[in-house]
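# Breakdown of the fold
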Amino acid sequence: MKNRIVRGIAGTFILISLILAIYVNINWLWFTGFVGANLLQSSITHWCLMDKILAKFGVTDELKPGQKC
């Protein structure tokens, strides 16, 4: 569950920053690059800040009885 949320948040950030780059200011592409760099870093080091933040909110990777993925 946590991995789906992390990917959803990253995808949302990327799409929002692309829209902002088109309609507001091209410098929003720096934010897109930042999100991409963090995704790459987390795939190499297996450490993700958003993972830690979600854990503080009680989100786990375990499924509860009767819950579908």
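Further up the page is the structure itself.
Residues numbered from 1 in each chain as written. Predicted model: local features only at pLDDT ≥ 70, side-chain atom pairs only at ≥ 80, totals over all residues. Heavy atoms only, no water.

This part takes up the overall build of the protein chain. Helix and strand content of the protein chain: 3 helices and 0 strands. For the protein chain, the succession of helices and strands along the chain, N to C, is α-α-α. The buried share of the protein chain, taken over its 69 residues, is 14%. Nonlocal contacts in the protein chain, meaning residues at least 24 apart in sequence, comprise 58% of its contacts between residues at least 6 apart. Total accessible area computed for the protein chain in this model is approximately 5700 Å², and 69% of it derives from carbon and sulfur atoms. (Helix = DSSP H or I, 4+ residues; strand = E, 2+ residues; numbered from the N terminus. Buried < 20%, exposed > 50% of the residue type's maximum accessible area, 1.4 Å probe, protein only. Contact = heavy atoms within 4.5 Å. Areas by Shrake-Rupley, 256 points an atom, 1.4 Å probe, with all protein chains shown as cover.)

Quick look at the packing of helix α1 (residues 2-23) against helix α3 (residues 49-56) now. Two numbers describe how α1 lies on α3: the axes approach to 10 Å, and their chain directions differ by 125°. The pairing of α1 with α3 is recorded here as oblique in orientation. Between α1 and α3 lies a crossing whose hand is right-handed. Contacts from Lys-2, Ile-5, Val-6 and Ile-9 in α1 reach Met-50, Asp-51, Leu-54 and Ala-55 in α3. (Axes fitted to C-alpha atoms, helices over the stretch in contact; angles between N-to-C directions. Parallel < 35°, antiparallel > 145°, perpendicular 65-115°, else oblique. Left-handed = near helix turned anticlockwise from the far one by under 90°.)

Our next topic: the packing of aromatic side chains. Counted according to the given criterion, the structure contains 3 aromatic pairs. Centroid distance Trp-28 to Phe-31: 6.5 Å. Interplanar angle 85°. Geometry classified as edge-to-face. Judged by relative accessible area, which is 30%, Phe-31 ranks as partly exposed. (Phe/Tyr/Trp six-rings, centres within 6.5 Å; stacked < 30°, edge-to-face > 60°.)

Moving on: the side chain of Ser-42. Its place among the elements puts Ser-42 in helix α2 (residues 29-45). Owing to a relative accessible area of 18%, Ser-42 belongs among the buried residues under this scheme. Once you skip the residues sitting within four places of it in the chain, Ser-42 turns out to touch Trp-47 and Cys-48.

Let us look at the environment of Trp-30. As for its placement among the helices and strands, Trp-30 is situated in helix α2. Taking the C-alpha atoms as reference points, Trp-30 and Ser-17, 13 residues apart in sequence, are found 8.6 Å from one another.

Turning our attention to a nonpolar patch on the surface. Judged by side-chain polarity, Ile-19, Ile-22, Tyr-23, Val-24 and Trp-28 come together as a nonpolar surface patch covering roughly 600 Å² of accessible area. Locating Trp-28 in the fold gives a position in the loop between α1 and α2. (Patch = residues over 30% accessible without salt bridge, like charges linked within 9 Å, V, L, I, M, F, W, Y side chains within 5 Å. Salt bridge = Lys/Arg side-chain N within 4 Å of Asp/Glu carboxyl O.)

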